[in-house]
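Given next are the chains, with one letter for each unit.
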Amino acid sequence: MRIVLLGAPGSGKGTQAQRLAERNGIPQISTGDLLRAAVARGTALGLAAKAAMEGGRLVDDALVLGMIRERLGEPDVRAGFILDGFPRNLIQAAALDGLLAELGQPLDAVVQFEVDSAELVRRISGRRSCADCGRVFNVLTSPPPTGAAAMCPGTGAPHRLIQRADDNEATVAERLRVYDEKTRPLIDFYRARGLLRTIDAAGEVNAVTQRLARALAPAAPAAAARVRKGAAKSAARAKSAARAAKSRRPGTRATARRAKSARKKTPARAARKKHAAAMRSRRSGARRRTRR
Ligand SMILES: [Zn+2]
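Reading the values: the criteria
Residues numbered from 1 in each chain as written. Predicted model: local features only at pLDDT ≥ 70, side-chain atom pairs only at ≥ 80, totals over all residues. Heavy atoms only, no water. Helix = DSSP H or I, 4+ residues; strand = E, 2+ residues; numbered from the N terminus. Expected span 1.5 Å × (residues − 1). Buried < 20%, exposed > 50% of the residue type's maximum accessible area, 1.4 Å probe, protein only. Arc of directions from axis to C-beta. Contact = heavy atoms within 4.5 Å. Polar contact = N/O pair within 3.5 Å; in protein donor to acceptor, adjacent residues only side chain to side chain. Lys, Arg positive; Asp, Glu negative; His and termini not counted. Salt bridge = Lys/Arg side-chain N within 4 Å of Asp/Glu carboxyl O. Axes fitted to C-alpha atoms, helices over the stretch in contact; angles between N-to-C directions. Parallel < 35°, antiparallel > 145°, perpendicular 65-115°, else oblique. Nonpolar A, V, L, I, M, F, W, Y, C, P; charged D, E, K, R; others polar. Core = buried A, V, L, I, M, F, W, Y, C linked by side-chain atoms within 4.5 Å. Donors = N, O, S within 2.8 Å, 3.2 Å for Na, K, Ca; no water. Tetrahedral: all angles 85-135°; square planar, octahedral: opposite > 155°, others 65-115°. Patch = residues over 30% accessible without salt bridge, like charges linked within 9 Å, V, L, I, M, F, W, Y side chains within 5 Å. Areas by Shrake-Rupley, 256 points an atom, 1.4 Å probe, with all protein chains shown as cover.

### Some thoughts on helix α9 (residues 205-216)
Each α-helix winds once per 3.6 residues, and so residues spaced three or four apart point in a common direction. A rise of 1.5 Å per residue sets the reference length of α9, with its 12 residues, at 16 Å; its end C-alpha atoms lie 17 Å apart and thus fit the reference within 8%. Buried within α9 are the following residues: V205, V208, T209, L212, A215 and L216. Each buried residue of α9 sits inside an arc of 125 degrees when the element is viewed along its axis, so together they form one side. On the buried face of α9, the contacting elements are β1 (2-7), α1 (13-24), β4 (109-114) and β8 (196-200). The N-cap of α9, judged by a side-chain oxygen 3.3 Å from the amide nitrogen of N206 a few residues on, is E204.

Below, the structure is given as C-alpha coordinates:
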(Lines give C-alpha, C1' and ligand atoms only; values in the text may rest on other atoms or scores of the structure.)
Protein backbone atom coordinates (compact mmCIF):
# COMPACT_ATOMS: atom_id res chain seq x y z
CA MET A 1 0.00 0.00 0.00
CA ARG A 2 1.61 3.24 -1.17
CA ILE A 3 -0.51 6.25 -0.38
CA VAL A 4 -0.40 10.00 0.07
CA LEU A 5 -2.61 11.74 2.64
CA LEU A 6 -3.55 15.23 1.59
CA GLY A 7 -5.06 17.75 3.97
CA ALA A 8 -4.62 21.17 5.54
CA PRO A 9 -2.76 21.53 8.83
CA GLY A 10 -5.20 20.37 11.51
CA SER A 11 -7.16 18.08 9.18
CA GLY A 12 -6.15 15.11 11.34
CA LYS A 13 -4.18 13.34 8.64
CA GLY A 14 -1.20 12.90 10.99
CA THR A 15 -3.28 11.00 13.53
CA GLN A 16 -4.91 8.90 10.81
CA ALA A 17 -1.56 8.21 9.14
CA GLN A 18 -0.27 6.94 12.49
CA ARG A 19 -3.24 4.57 12.86
CA LEU A 20 -3.01 3.38 9.28
CA ALA A 21 0.71 2.73 9.66
CA GLU A 22 0.17 0.66 12.80
CA ARG A 23 -2.68 -1.31 11.29
CA ASN A 24 -0.83 -2.11 8.07
CA GLY A 25 2.70 -2.43 9.41
CA ILE A 26 4.09 0.16 7.02
CA PRO A 27 5.95 3.38 7.90
CA GLN A 28 4.33 6.80 8.13
CA ILE A 29 6.68 9.21 6.42
CA SER A 30 6.16 12.78 7.56
CA THR A 31 8.35 15.52 6.15
CA GLY A 32 7.60 17.43 9.35
CA ASP A 33 9.28 14.66 11.37
CA LEU A 34 12.17 14.38 8.91
CA LEU A 35 12.67 18.15 9.09
CA ARG A 36 12.42 18.32 12.86
CA ALA A 37 15.05 15.57 13.08
CA ALA A 38 17.34 17.67 10.84
CA VAL A 39 16.66 20.73 13.02
CA ALA A 40 17.43 18.75 16.18
CA ARG A 41 20.73 17.62 14.68
CA GLY A 42 21.51 21.26 13.96
CA THR A 43 22.78 20.73 10.41
CA ALA A 44 22.96 23.67 7.98
CA LEU A 45 19.84 22.31 6.26
CA GLY A 46 18.20 21.92 9.64
CA LEU A 47 18.86 25.55 10.56
CA ALA A 48 17.47 26.78 7.23
CA ALA A 49 14.41 24.58 7.72
CA LYS A 50 13.94 25.90 11.25
CA ALA A 51 13.85 29.53 10.11
CA ALA A 52 11.28 28.71 7.42
CA MET A 53 9.04 26.63 9.68
CA GLU A 54 8.96 29.20 12.47
CA GLY A 55 7.82 31.81 9.96
CA GLY A 56 5.08 29.44 8.74
CA ARG A 57 6.78 29.24 5.32
CA LEU A 58 7.42 26.17 3.24
CA VAL A 59 10.84 24.61 3.28
CA ASP A 60 12.93 24.51 0.10
CA ASP A 61 11.80 21.79 -2.36
CA ALA A 62 15.31 20.50 -3.02
CA LEU A 63 15.93 19.95 0.69
CA VAL A 64 12.63 18.14 1.20
CA LEU A 65 13.04 16.03 -1.93
CA GLY A 66 16.51 14.95 -0.86
CA MET A 67 15.17 13.79 2.50
CA ILE A 68 12.27 11.93 0.87
CA ARG A 69 14.52 10.23 -1.66
CA GLU A 70 16.78 9.03 1.15
CA ARG A 71 13.83 7.84 3.26
CA LEU A 72 12.18 5.92 0.41
CA GLY A 73 15.45 4.05 -0.06
CA GLU A 74 15.27 2.49 3.42
CA PRO A 75 14.31 -1.21 3.62
CA ASP A 76 11.13 -0.81 5.72
CA VAL A 77 9.50 1.05 2.82
CA ARG A 78 9.40 -2.03 0.58
CA ALA A 79 6.03 -3.18 1.89
CA GLY A 80 4.55 0.28 1.35
CA PHE A 81 4.40 3.70 2.96
CA ILE A 82 2.10 6.52 3.96
CA LEU A 83 3.28 9.97 2.96
CA ASP A 84 1.93 12.58 5.38
CA GLY A 85 2.65 16.23 4.59
CA PHE A 86 4.38 15.53 1.29
CA PRO A 87 4.04 16.50 -1.53
CA ARG A 88 3.03 20.08 -0.69
CA ASN A 89 3.12 21.67 -4.12
CA LEU A 90 3.03 20.74 -7.80
CA ILE A 91 6.83 20.74 -8.14
CA GLN A 92 7.14 18.21 -5.31
CA ALA A 93 4.26 16.13 -6.70
CA ALA A 94 5.87 15.91 -10.13
CA ALA A 95 9.24 15.06 -8.56
CA LEU A 96 7.61 12.36 -6.42
CA ASP A 97 5.98 10.91 -9.56
CA GLY A 98 9.40 10.68 -11.20
CA LEU A 99 11.08 9.22 -8.12
CA LEU A 100 8.42 6.52 -7.64
CA ALA A 101 8.51 5.64 -11.35
CA GLU A 102 12.28 5.26 -11.00
CA LEU A 103 11.75 2.94 -8.01
CA GLY A 104 8.98 1.03 -9.84
CA GLN A 105 6.63 1.82 -6.93
CA PRO A 106 3.76 4.00 -8.17
CA LEU A 107 1.14 5.35 -5.74
CA ASP A 108 -2.00 3.30 -5.12
CA ALA A 109 -4.14 6.17 -3.85
CA VAL A 110 -4.21 9.76 -2.64
CA VAL A 111 -6.75 10.58 0.07
CA GLN A 112 -7.86 14.15 0.56
CA PHE A 113 -9.10 15.13 4.05
CA GLU A 114 -11.90 17.72 3.93
CA VAL A 115 -12.42 19.95 7.01
CA ASP A 116 -13.71 23.55 7.16
CA SER A 117 -11.22 26.24 8.20
CA ALA A 118 -12.83 27.30 11.52
CA GLU A 119 -12.57 23.69 12.68
CA LEU A 120 -8.95 23.56 11.46
CA VAL A 121 -7.94 26.55 13.60
CA ARG A 122 -9.65 25.06 16.67
CA ARG A 123 -7.94 21.71 16.18
CA ILE A 124 -4.46 23.12 15.65
CA SER A 125 -4.65 25.04 18.93
CA GLY A 126 -5.25 21.72 20.74
CA ARG A 127 -2.42 19.84 19.11
CA ARG A 128 0.43 18.41 21.22
CA SER A 129 3.11 15.84 20.55
CA CYS A 130 5.26 13.74 22.86
CA ALA A 131 8.83 15.00 23.09
CA ASP A 132 10.05 11.45 23.71
CA CYS A 133 8.20 9.18 21.25
CA GLY A 134 6.82 11.71 18.75
CA ARG A 135 3.21 10.54 19.05
CA VAL A 136 0.65 13.17 18.12
CA PHE A 137 -2.29 13.93 20.42
CA ASN A 138 -4.95 16.58 20.58
CA VAL A 139 -6.18 17.80 23.96
CA LEU A 140 -9.54 18.61 22.30
CA THR A 141 -10.10 15.66 19.96
CA SER A 142 -7.71 12.81 20.83
CA PRO A 143 -6.14 13.22 24.28
CA PRO A 144 -3.47 10.74 25.43
CA PRO A 145 -4.94 7.57 26.96
CA THR A 146 -5.03 7.26 30.75
CA GLY A 147 -4.26 4.28 33.00
CA ALA A 148 -1.66 1.55 32.65
CA ALA A 149 -1.65 1.67 28.82
CA ALA A 150 -0.87 5.39 28.89
CA MET A 151 2.87 5.11 29.34
CA CYS A 152 5.25 6.42 26.70
CA PRO A 153 6.92 3.58 24.78
CA GLY A 154 10.02 5.79 24.65
CA THR A 155 10.55 6.27 28.39
CA GLY A 156 8.00 4.12 30.26
CA ALA A 157 6.85 7.31 31.98
CA PRO A 158 3.77 9.39 30.96
CA HIS A 159 4.07 11.07 27.55
CA ARG A 160 5.81 14.46 27.73
CA LEU A 161 3.44 16.71 25.76
CA ILE A 162 4.78 19.76 23.96
CA GLN A 163 3.23 22.26 21.58
CA ARG A 164 5.09 22.76 18.34
CA ALA A 165 6.47 26.27 17.70
CA ASP A 166 4.46 26.52 14.47
CA ASP A 167 1.13 25.53 16.09
CA ASN A 168 0.54 29.00 17.55
CA GLU A 169 -2.29 31.21 16.28
CA ALA A 170 -0.04 33.71 14.50
CA THR A 171 1.38 31.11 12.14
CA VAL A 172 -1.74 28.96 11.71
CA ALA A 173 -3.50 31.49 9.47
CA GLU A 174 -0.39 31.77 7.32
CA ARG A 175 -0.07 27.98 7.06
CA LEU A 176 -3.69 27.68 5.95
CA ARG A 177 -3.18 30.39 3.34
CA VAL A 178 -0.06 28.64 2.01
CA TYR A 179 -1.97 25.34 1.91
CA ASP A 180 -4.77 26.85 -0.19
CA GLU A 181 -2.34 28.44 -2.58
CA LYS A 182 0.25 25.68 -2.99
CA THR A 183 -1.27 22.37 -1.94
CA ARG A 184 -4.89 22.60 -3.07
CA PRO A 185 -3.84 22.38 -6.73
CA LEU A 186 -2.66 18.81 -5.99
CA ILE A 187 -6.30 17.75 -5.72
CA ASP A 188 -6.71 18.27 -9.47
CA PHE A 189 -3.25 16.85 -10.18
CA TYR A 190 -4.14 13.51 -8.55
CA ARG A 191 -7.76 13.51 -9.74
CA ALA A 192 -6.46 13.68 -13.31
CA ARG A 193 -4.34 10.57 -12.58
CA GLY A 194 -7.35 8.67 -11.23
CA LEU A 195 -5.78 8.38 -7.75
CA LEU A 196 -7.88 10.85 -5.74
CA ARG A 197 -10.31 9.81 -3.01
CA THR A 198 -11.93 12.43 -0.79
CA ILE A 199 -13.21 11.86 2.75
CA ASP A 200 -15.14 14.02 5.19
CA ALA A 201 -12.55 14.47 7.96
CA ALA A 202 -14.76 16.45 10.35
CA GLY A 203 -16.06 14.89 13.55
CA GLU A 204 -14.91 12.10 15.80
CA VAL A 205 -11.47 10.51 15.18
CA ASN A 206 -12.73 6.89 15.08
CA ALA A 207 -15.43 7.82 12.57
CA VAL A 208 -12.79 9.38 10.32
CA THR A 209 -10.66 6.23 10.66
CA GLN A 210 -13.63 4.21 9.36
CA ARG A 211 -14.23 6.59 6.47
CA LEU A 212 -10.55 6.37 5.55
CA ALA A 213 -10.64 2.55 5.63
CA ARG A 214 -13.70 2.56 3.36
CA ALA A 215 -12.00 4.99 0.96
CA LEU A 216 -8.99 2.68 0.75
CA ALA A 217 -10.98 -0.57 0.47
CA PRO A 218 -10.82 -2.40 -2.87
CA ALA A 219 -13.37 -1.38 -5.48
CA ALA A 220 -15.58 -4.45 -4.90
CA PRO A 221 -16.46 -4.46 -1.19
CA ALA A 222 -19.19 -7.10 -1.70
CA ALA A 223 -16.65 -9.60 -3.04
CA ALA A 224 -14.26 -8.83 -0.17
CA ALA A 225 -17.07 -9.43 2.34
CA ARG A 226 -17.81 -12.81 0.72
CA VAL A 227 -14.16 -13.80 1.06
CA ARG A 228 -14.13 -12.80 4.74
CA LYS A 229 -17.32 -14.80 5.37
CA GLY A 230 -15.82 -17.86 3.68
CA ALA A 231 -12.66 -17.64 5.76
CA ALA A 232 -14.67 -17.33 8.97
CA LYS A 233 -16.76 -20.41 8.03
CA SER A 234 -13.76 -22.62 7.34
CA ALA A 235 -12.12 -21.41 10.57
CA ALA A 236 -15.27 -22.39 12.48
CA ARG A 237 -15.24 -25.81 10.74
CA ALA A 238 -11.62 -26.35 11.78
CA LYS A 239 -12.42 -25.42 15.39
CA SER A 240 -15.40 -27.75 15.78
CA ALA A 241 -13.57 -30.61 14.06
CA ALA A 242 -10.61 -30.11 16.37
CA ARG A 243 -12.93 -30.14 19.40
CA ALA A 244 -14.49 -33.39 18.21
CA ALA A 245 -11.05 -34.92 17.67
CA LYS A 246 -10.02 -34.02 21.22
CA SER A 247 -13.04 -35.72 22.81
CA ARG A 248 -11.83 -39.07 21.35
CA ARG A 249 -15.24 -40.39 20.39
CA PRO A 250 -15.44 -43.22 17.80
CA GLY A 251 -14.36 -42.02 14.39
CA THR A 252 -11.68 -39.86 15.94
CA ARG A 253 -9.15 -40.50 13.21
CA ALA A 254 -11.45 -39.43 10.40
CA THR A 255 -12.53 -36.37 12.39
CA ALA A 256 -8.93 -35.46 13.07
CA ARG A 257 -8.18 -35.76 9.37
CA ARG A 258 -11.08 -33.47 8.62
CA ALA A 259 -9.83 -31.02 11.26
CA LYS A 260 -6.39 -31.03 9.72
CA SER A 261 -7.65 -30.37 6.20
CA ALA A 262 -10.04 -27.70 7.42
CA ARG A 263 -7.19 -26.02 9.23
CA LYS A 264 -5.23 -25.97 6.00
CA LYS A 265 -8.05 -23.96 4.46
CA THR A 266 -7.45 -21.06 6.85
CA PRO A 267 -4.35 -19.31 5.58
CA ALA A 268 -5.91 -16.12 6.96
CA ARG A 269 -5.02 -17.15 10.51
CA ALA A 270 -1.36 -17.78 9.63
CA ALA A 271 -1.24 -14.54 7.65
CA ARG A 272 -2.67 -12.60 10.60
CA LYS A 273 -0.09 -14.09 12.97
CA LYS A 274 2.76 -13.34 10.58
CA HIS A 275 1.48 -9.81 10.04
CA ALA A 276 1.21 -9.13 13.79
CA ALA A 277 4.79 -10.32 14.32
CA ALA A 278 6.04 -8.18 11.44
CA MET A 279 4.23 -5.16 12.83
CA ARG A 280 5.76 -5.63 16.27
CA SER A 281 9.27 -5.74 14.89
CA ARG A 282 8.69 -2.82 12.52
CA ARG A 283 7.18 -0.74 15.28
CA SER A 284 10.14 -1.23 17.57
CA GLY A 285 12.36 -0.40 14.60
CA ALA A 286 10.44 2.82 14.01
CA ARG A 287 10.89 3.76 17.65
CA ARG A 288 14.62 3.31 17.43
CA ARG A 289 14.75 5.56 14.39
CA THR A 290 12.64 8.35 15.85
CA ARG A 291 14.61 8.42 19.10
CA ARG A 292 17.96 9.18 17.42
ZN1 LIG B 1 5.67 9.43 24.36
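Read on for the rest.
### Focus on the side chain of D61
With respect to the helices and strands, D61 occurs in helix α4 (residues 61-72). Buried D61, no salt bridge; nearest opposite-charge side chain is K182, N-O distance 8.1 Å. Beyond its immediate sequence surroundings of up to four residues, D61 is in contact with N89, I91 and Q92.

### Some points on the packing of helix α2 (residues 31-41) against α4
One can describe the packing of α2 onto α4 by two numbers: an axis separation of 10 Å at closest approach and a directional angle of 105 degrees. Accordingly, the angle class assigned to the pair α2 and α4 is roughly perpendicular. Contacts between α2 and α4 involve T31, L34 and L35 on the former and, on the latter, L63, V64, M67, I68 and R71. Taken together, the residues of the contact of α2 with α4 break down into six nonpolar, one polar and one charged.

### A look at the nonpolar core
Among the nonpolar cores identified, the biggest contains 53 residues, and I68, L72, L96, L107 and Y190 are the most heavily contacted of them. With five residues, the top contributor of residues to this core is α4. Apart from residues lying up to four places away in sequence, I68 is in contact with I29, T31, L34, L83, F86 and L99.

### Brief notes about the coordination of the zinc ion
At this site the zinc ion is bound by C130 (SG), C133 (SG), C152 (SG) and H159 (ND1), with donor distances of 2.2 to 2.4 Å. Its four donor atoms give the zinc ion angles of 100 to 116 degrees at the centre, a pattern that matches the tetrahedral case. Note on C133: relative accessible area 14%, which makes it buried.

### Points about a nonpolar patch on the surface
Taken together, the side chains of V139, L140 and L161 make up a nonpolar region of the molecular surface, amounting to roughly 240 Å² of accessible area. Residue placement: V139 occurs in the loop between β6 (136-138) and β7 (161-162).

### Details of helix α7 (residues 169-183)
Over its 15 residues, α7 runs 20 Å from end to end, which matches the ideal 21 Å to within 8%, given 1.5 Å per residue. Along α7, the positions that sit buried rather than exposed are T171, V172, R175, L176, V178, Y179 and T183. Considered in projection along α7, the buried side chains sweep an arc of 165 degrees and stay on one side of the axis. Residues of α7 that are exposed and point over 90 degrees away from its buried face: A170 and A173. On its buried face, α7 is in contact with β1, α3 (44-54), α6 (117-125), β5 (127-130) and α8 (185-192).

### A word on the pattern of salt bridges
Applying the stated criterion across every chain yields a total of 17 salt bridges. Between D84 and K13 there is a salt bridge, with the nearest N and O atoms lying 3.2 Å from each other. Taken together, the residues span a long stretch of sequence, with D84 in strand β3 (residues 81-84) and K13 in helix α1 at a distance of 71 residues. One connected set of salt bridges, linked through shared partners, spans E174, R177, E181 and K182.

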